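# Structural description and commentary
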Amino acid sequence: MLRLGIVGLPNVGKSTLFNALTSANVLAANYPFATKDPNVGRVNVPDPRLDELAKIVEPQRTVPAAVEFVDIAGLVKGASQGEGLGNQFLANIRETDAIVHVVRAFDDDDVLHVMGSVDPVRDREVIEFELALADLSVVEKRLDKVKRSSKTGDKDALAELPALEKANAALTEGRALWHENLSAEERAVLAPLSLLTLKPILYAANVTDAELAGEEGAHIKALRGAIASSGEHAEIVPFSAKIEAELAELPEDDRRGFLESLGLESAGLDRLIRGGYHLLGLQTYFTAGEQEVRAWTIHHGDTAPQAAGVIHTDFERGFIRAETVGYEDFLTHGGWKGAREKGAVRSEGKEYVVKDGDVMLFRFNV
């Protein structure tokens, strides 16, 4: 399951977005620190292919893939030194797959900004600095321990030391590790620390209704420029907290018409999840049987045994083969029986790289 941690300054639309995404009725108010405790919500990944498969198979249940959002208190300048309420909750997002940084990109004199003016580039730098200092405390502790072990000639410690020292030097200066030229080996060394500034980042830019359906405004353009010049592994997803809040109040059948009336093709939730999947290189495969039709999330490049392991580790360990058919072929031939009769079902082995939309049946022996 994809897990996304939501961060941002107070009053940028974080809690409104989380509330709309998860219908969790989280307190959203026009003053700082309205959210004191971390909120966790799980939402289904919208995928019309799942419904089409269910129409053919008619299973007892249909299980979509899910995304978990973790929303923490708004961070402020000085959070890493105890200012505000956010720093104590950063541990709650260390185990997420990516960070959603909500930035305000609209002007409105009636909605307070904690720093006095709207400037998403500055806000990005403030949050980045606080995340870097939070990471610094983690790296310093590990570095101290590894240094002591390395003095005894511990080979593992000696191998780990250079990466930790490089990370420590950058973080000490308040530089996020996104901007450091870390090798794959250095990243592997640092991975167990779950550092925030090594996670991919998705900027959710809160804009006006008009800008969402029209041309990008100056705030978004400035943010894109700052990200491009930094070399950061990030994407921007514009959304309107106001529209998302209104959508959440509507019955499911009325939402499409509401979006079309605004000139929009999809809701912010759909775009945010698609952005997360693209950022992390994720895709979906399906299992389809009488008991359930289910969507599973895997990485691009995953092999059949790795995909099986998402269901259960025993499936990967005892993998024999995978009966596989493409989504379109499954629909065209009316399910497993028709696809087999037409020769559309393939028997794939351990080297097979799973494709997005594959419908799979695993054979294994433990």
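Residues numbered from 1 in each chain as written. Predicted model: local features only at pLDDT ≥ 70, side-chain atom pairs only at ≥ 80, totals over all residues. Heavy atoms only, no water.

## Structural notes on the packing of aromatic side chains
The geometry of an aromatic ring pair is captured by two quantities: the separation of the ring centres and the angle between the planes. The cut-off we apply is this: Only centres within 6.5 Å qualify two rings of Phe, Tyr or Trp (six-membered ring in Trp) as a pair; their planes then separate them into stacked at under 30 degrees, edge-to-face at over 60, and tilted for everything else. Strands here mean DSSP runs of E at least two residues long; helices mean DSSP runs of H or I at least four residues long; both are numbered from the N terminus. Under the scheme applied here, a residue whose accessible area is under 20% of the maximum for its type counts as buried, over 50% as exposed, and between as partly exposed, the area being computed with a 1.4 Å probe on protein chains only.
Applying the stated rule across the entire model yields five aromatic pairs. Both rings, one in F286 and one in Y327, keep their centres 6.4 Å apart while their planes meet at 40°; by these two values the pair is tilted. Taken together, the residues F286 in strand β8 (residues 282-288) and Y327 in helix α13 (residues 327-332) connect sequence positions 41 residues apart. F286 gets classed as buried once you look at its relative accessible area, which sits at 0%. Judged by its relative accessible area of 12%, Y327 is buried.

## Focus on the environment of D209
Quick note on the threshold: Residues count as neighbours in contact if any of their non-hydrogen atoms are within 4.5 Å of one another. Each polar contact in these results corresponds to two N or O atoms within 3.5 Å; when the atoms are within protein, one needs to be able to donate a hydrogen and the other to accept it, and residues that are neighboring in sequence are counted only if both atoms are side-chain atoms.
If you trace the backbone, D209 turns up in helix α6 (residues 209-213). As for D209 and A241, which are separated by 32 residues in sequence, their C-alpha atoms are 9.1 Å apart. Apart from the residues within four sequence positions on either side, D209 is in contact with S240, K242 and I243. A polar side-chain atom of D209 sits 3.1 Å from a polar atom in the side chain of S240.

## Quick look at the nonpolar core
To be explicit about the condition: Joining through side-chain atoms within 4.5 Å is the link that ties buried Ala, Val, Leu, Ile, Met, Phe, Trp, Tyr and Cys residues into a set, and such a set is a nonpolar core.
One finds V67, F69, V100, V102, L272, F330 and V359 to be the most contacted residues of the largest nonpolar core, which totals 72 residues. Examining the composition of this core, we find that six residues originate from one element, helix α10 (residues 268-280), more than from any other. Counting residues in each nonpolar core, the second largest holds 18 residues, with L143, L161, L177 and L195 among its members.

## Digging into the pairing of strand β5 (residues 98-104)
Put simply, the rule reads: Two strands are said to pair when DSSP picks up at least two bridges between them.
When you tally the buried positions in β5, you get seven out of seven residues, the bulk of the element. With burial as the criterion, each face of β5 is covered, one bearing A98, V100, V102 and R104 and the other bearing I99, H101 and V103. By the bridge criterion, four bridges tie strand β1 (residues 2-7) to β5 in an arrangement that is parallel. Pairing of I6 across the sheet is with V100, part of β5.

## Here's the deal with the confidence of the model for the chain
Short version of the rule: For every residue, the pLDDT score states the predictor's confidence, bounded by 0 at the bottom and 100 at the top.
Looking at the chain, pLDDT values average 87 and 91% of them are 70 or higher. Throughout residues 24-36 the model reports pLDDT below 50, and contacts reaching past four residues in sequence, or to other chains, amount to 32 contacts.

## Quick word on the layout of surface pockets
Filter applied, for reference: Grid spacing is 1 Å over the protein atoms alone, the probe is 1.4 Å, and a cavity is where that probe fits but cannot get out, while a pocket is an open set with protein on both sides within 12 Å along at least five of seven lines and lining residues have an atom within 4 Å of a point. Grid points are joined across faces, edges and corners, and a volume is the space filled by probe spheres set on the points. All residues other than Ala, Val, Leu, Ile, Met, Phe, Trp, Tyr, Cys, Pro, Asp, Glu, Lys and Arg, Gly among them, are scored as polar; the first ten of these are nonpolar and the last four charged.
Estimates place the volume of the largest pocket at around 730 Å³. Along its surface, the largest pocket is lined by 26 residues, and P46, E252, R255, L269 and D270 are the ones closest to its centre. It is helix α9 (residues 252-261) that contributes the most residues to the lining of the largest pocket, five residues altogether. Residues that form the lining of the largest pocket fall into these classes: 13 nonpolar, four polar and nine charged.

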